[in-house]
Amino acid sequence: MEDDEPLLVQRIRDALRRLRMVVPIVRVSVAPRPKWIEVPDKGMVHTRLICWNILDAGTEMTQPEFEFLHPSITQQQLESELPDFFPGVSVFVDDDISTGDD
């Protein structure tokens, strides 16, 4: 694992290593809009919520993991950049996530 990789990439890579699947699918759902959230000891933070998990033939192999990303990161950016971090892995990015204000 490289120290300069984004934390999201590190977490997904760790999960893939634990599972050792032949043809895994990484699914990442991205909130369409960033929002302000209250974070203990930090106050209000502007962020974009995502959820990711790993699938095998439509079966969830990991529990969904929620992450907060910089609000400027978009679905299109993740669709473009994530596959480069995971050669040989199918990466599916969508906006199928509820942020409580949809």
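Here the structure is shown first, and the text comes after it.
Below: a short report on this structure. (Residues numbered from 1 in each chain as written. Predicted model: local features only at pLDDT ≥ 70, side-chain atom pairs only at ≥ 80, totals over all residues. Heavy atoms only, no water.)

**Some thoughts on the nonpolar core**
Selection rule: In this text, buried Ala, Val, Leu, Ile, Met, Phe, Trp, Tyr and Cys residues form a nonpolar core when linked through side-chain atoms within 4.5 Å. Think of it in three bands: residues with accessible area under 20% of the maximum for their type are buried, residues over 50% are exposed, and the middle band is partly exposed, with areas taken using a 1.4 Å probe on protein chains only. To qualify as a helix, a DSSP run of H or I must reach at least 4 residues; to qualify as a strand, a run of E must reach at least 2; elements of each kind are numbered from the N terminus.
Among the nonpolar cores identified, the biggest contains 17 residues, and Val28, Ile50, Trp52 and Leu78 are the most heavily contacted of them. Going through the elements one at a time, helix H1 (7-19), strand E1 (25-30), strand E3 (43-56) and helix H2 (75-85) are the ones with two or more residues in this core. At five residues, H1 tops the list of elements feeding residues into this core.

**A short note on the pattern of salt bridges**
Note the threshold: By definition, a salt bridge exists where a carboxyl oxygen of Asp or Glu is found within 4 Å of a side-chain nitrogen of Lys or Arg.
Applying the stated criterion across every chain, the model contains five salt bridges. Arg11 is paired through a salt bridge with Glu67; the nearest N and O atoms lie 2.4 Å apart. One end of the pair, Arg11, is in helix H1; the other, Glu67, is in strand E5 (residues 65-69), with 56 residues separating them in the sequence. Given the relative accessible area of 36%, Arg11 is considered partly exposed. Taking the relative accessible area as the measure of exposure, Glu67 reaches 7% and is therefore buried.

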